[in-house]
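This is what each chain is made of:
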Amino acid sequence: MNSQLAARPQATAQPMPGSSLAWPRWLAGCLAVGCLLLSATSGAGAAEPHVALGYDPQVRPLQFAASEIRRALAARGLSAVEGDLAATARATNRTRFLLVADPIAADRLATRLGVAPPTSRASESYALRRLRGSGAVGYLVLGADPTGAMYGGLDLAEAIRIETLATLADSDHAPHVEERGIKFNIPLDLRTPSYSDCSDAAQQNIPEMWSLDFWRSFLDELARHRYNVLTLWSLHPFPSIVRVPEYPAVALDDVWRTTLKLDDTFSHSGSDMVRPAMLDQVEIVRRLTIDQKIQFWRDVMQHAHDRGIDVYWFTWNIFTFGAEGKYGITRAQTNRATIDYFRASVRETILTYPLLAGLGVTAGEQMENRRDEFSKEKWLWHTYGEGVRDALKLAPGRQVRLIHRFHQTGLGEILDEWKGYPGPFDLSFKYAIAHMYSVPNPPYIKSALPHLHPGLRTWLTVRNDDIYSFRWGDPQFARAFIRHLPGPDKVAGFYMGPDGYCWGREFLSTEPETPRQLVLEKQWFSFMLWGRLSYDPDLTDSLFERTLAARFPQVPAATLLEAWSHASRIFPQITRLFWGDIDLRWLPEACLSHPRHRGFYTVRHFIEGQTMPESGILNITAWRGRQLRQQPAEGITPLEVAAALDQDATSSLRLVSELRATAGQGEPGASAKELRLTLGDLEAFAHIGHYYAAKIRAACELALFDATRQTDQQASAIRHLTAALGHWQRYAATAAKQYRPALYNRVGYVDLDALTTKVEADLEIARQWQPGTIPDTIRARQGDTPFKP
């Protein structure tokens, strides 16, 4: 665990109550607690069924922690007597919780009570201490700051919920990864789209982006899982979030959505995300003035701040949706009116939102590679850089972090143009390109690491364009991935999320909740794993097993965790064997790429495919060559990958069957539906795992037949493809029970049942195969290059 991290700056409009500026007014009461914790009588405690909960009610993160403790107690039939720390000091309850959000007060309290002080004052760190007296027990949270104290309070709530409070030991906690965030492509409005808006999920979620109930639930979930950053990504958000005095007609009232049925013909660069026909067919889904919108986003940012979460806006460039044609604004990189407009919009965004932590910028997808005064980096500096400088002249002392993406630009150009930036300046890097569920140690950042140092760090974009529908959960993979991240001298943190899906409310379910679940709620176990382990990768699987036991008491938690882990290993294994680096080239849920790329991947594509760089896996043609030359493999073979897929799929199906039998014997319970759907997801993972294993074996046999002309190898390939068809049919049937077909912006329309005809076509490909069509070696395709010096 990295405990020696630089303090994380708080994006505050004013000092938070409970900071070191406020501690003296309640410290005296806090210190008085020592006598009462150690001297409360057994009789007094036994007569009182409640617990006492003490904290400074003016510290909003502690309000949230207290509410979580109350909720956990209520589930056990208990309630809490609440008060500030002084009131709790006078209480006679047998069990008391004290949450302290100031490091000076925490140290003094620890000394007064004779317990060890916290070992770290790093931002968001905290210590848990337990005191026993005559029939009384006290649990102290000693936070380095309000967020750290909140996390300690959440630990106590969790211990109540999973029944580990009695064994809770003294412990100290500090974040392993400093910045732990979510990447959210936000569908604000038809007129100000994000990169993912030409999809069913984004369109359905446009109204939700303007619901405080949505964002309160969303941010509460992030805090529970220890995320502390939310990045909102848009092509051009300004018309929907800010009023610019020089350009008043750009600000947009109301929230629009098109009623036109969308398709898969949109540009992958985002250039036609708003088409004239879409503007001809419009519905207004929210009626809000621009002033109401501004207040809305201030409220969202305040709630985020109250949960210890920093908010950033990220943009791609140059997009002018919502402003195009007004005041001479165009997409042209040489248009000075556009430069002036962007600069003013950045200024006003900073001034309008005091709690905005910073901005992220991209030198693409719509920028020209110029070498004049309008080069990419000069343009970005004159708009975003100068816009921030203008704001800071009007708001001295304000800190605005700028995160510049390594994307379609070079490091030298970035550093040349941004050397005068007046604040924290970081970079951003696509860590696993589009597929976090591949290997736990992606190789792509190696070339960038020598250029990074404590004064120039990067964030990692951790893209999940692997799993949209299903519930994933493998703590071993997540823990290994996090432990392989470069250290805090190179990396500030990460933000995780998809480009091909919207992590708002889910709209795929065939039996939805009302209101529909947040994706964060549906896939809660995955978000828990990544959030909690990035704060502390030393957490053991016993925590996750106990959490599953509390949520699904109908089944053995150890068996469920084992089944979940086996099922969740399917996609990483197939993705590193059959590598499609960017999102439009590979969706393992459907063996699919965008129709303008390859569409459905056939058995021929598998033969010709490349493996993930540095995965240690031989592609099928390289394996064939070694087989025919009787050379040692010197790597993991495709057949070994197939065997591993079959093993995990078989184990998962067996365990799912056991779990269903056990669940059927007990009371249904409140979580019966969720358990049933979770087991359905694990079954779907298993069936497609068997499908990929059979397809790999078929591709290997067909590759050999291509070289040897031995018909028994062709016949074997056909048998494997026949088995693959059966596995696919079971997969499609299992998934269709729970999910509807949908349009995705990066791979097009996905209908697993309709794709069965493509799966069947593999059999005909094998039957009609003409030997000698596959060369001995296939040159690797030049893929996405995340780093350019």
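Shown above is the structure to which this text applies.
Here goes a summary of the coordinates provided.

The rules behind each value
- Residues numbered from 1 in each chain as written.
- Predicted model: local features only at pLDDT ≥ 70, side-chain atom pairs only at ≥ 80, totals over all residues.
- Heavy atoms only, no water.
- Helix = DSSP H or I, 4+ residues; strand = E, 2+ residues; numbered from the N terminus.
- Rg over C-alpha atoms; globule rule 2.2 N^0.38 Å.
- Buried < 20%, exposed > 50% of the residue type's maximum accessible area, 1.4 Å probe, protein only.
- Contact = heavy atoms within 4.5 Å.
- Lys, Arg positive; Asp, Glu negative; His and termini not counted.
- Charge placed at Lys NZ, Arg CZ, Asp CG, Glu CD.
- Pairing = 2+ DSSP bridges.
- Axes fitted to C-alpha atoms, helices over the stretch in contact; angles between N-to-C directions.
- Phe/Tyr/Trp six-rings, centres within 6.5 Å; stacked < 30°, edge-to-face > 60°.
- Lys NZ or Arg CZ within 6 Å of the ring centre and 35° of its normal.

## Focus: the overall build of the protein
Stage number 1. The helix and strand inventory of the protein stands at 26 helices and 18 strands.
Stage number 2. Taking 28 Å as the expected radius of gyration for a compact globule of 789 residues, we find that the protein reaches 28 Å, a close match to that expectation.
Stage number 3. With the principal axes as the frame, the protein shows a C-alpha extent of 90 × 70 × 50 Å.
Stage number 4. The buried share of the protein, taken over its 789 residues, is 62%.
Stage number 5. Residue pairs at least 24 apart in sequence account for 80% of intrachain contacts in the protein once pairs closer than 6 positions are excluded.
Stage number 6. Counting 86 positive and 87 negative side-chain charges, the protein places the averaged centre of each group 1 Å from the other.

## A closer look at the sheet that holds strand 14 (residues 425-430)
Stage number 1. Read around the closed barrel, eight strands run 7-8-11-12-13-14-15-16, paired in parallel fashion. Along the sheet, successive strands turn relative to each other by an average axial angle of 25°, direction set aside.

## Concerning the packing of aromatic side chains
Stage number 1. Counted according to the given criterion, the structure contains 63 aromatic pairs.
Stage number 2. Considering the side-chain rings of Trp233 and Phe314, the 4.4 Å spacing of their centres and the 15° angle between planes classify their relative orientation as stacked. Note that Trp233 is positioned in strand 8 (residues 229-234) and Phe314 in strand 11 (residues 310-315), a separation of 81 residues in sequence. Accessibility classification places Trp233 together with Phe314 in one group, the buried group.
Stage number 3. With 5.6 Å between their ring centres and 80° between their planes, Tyr431 and Phe481 make a pair best called edge-to-face. Remark: Phe481 occurs in helix 15 (residues 475-483) and Tyr431 occurs in the loop between strand 14 and strand 15 (458-463); sequence separation between them is 50 residues.
Stage number 4. On the accessibility criterion, Tyr431 (2% relative accessible area) is buried.
Stage number 5. In this structure, Arg275 packs its charged tip against the face of Phe266, placed 3.7 Å from the ring centre.
Stage number 6. Stacked on the ring of Trp210, the Lys or Arg Lys293 has its end atom at 5.2 Å from the ring centre.

## Focus: the sheet that holds strand 1 (residues 51-54)
Backbone-to-backbone hydrogen bonds join strands into a sheet, with any given pair of strands oriented parallel or antiparallel.
Stage number 1. One open sheet holds the six strands; their spatial order is 2-1-3-5-4-6, and the pairing between them is mixed. The strands lining the two open edges of the sheet, one partner per strand, are strand 2 (80-83) and strand 6 (171-173). Geometrically, the sheet is characterised by an average inter-axis angle of 15° between neighbouring strands, direction not taken into account.
Stage number 2. Pairing analysis gives seven bridges linking strand 4 (residues 126-132) to strand 5 (residues 137-143), with the strands arranged antiparallel. By the bridge assignment for strand 5, Arg132 is matched with Val137.
Stage number 3. Docked against the sheet, helix 3 (residues 60-75) engages strand 1, strand 2 and strand 3 (95-100), running at close to 160° with respect to strand 3.

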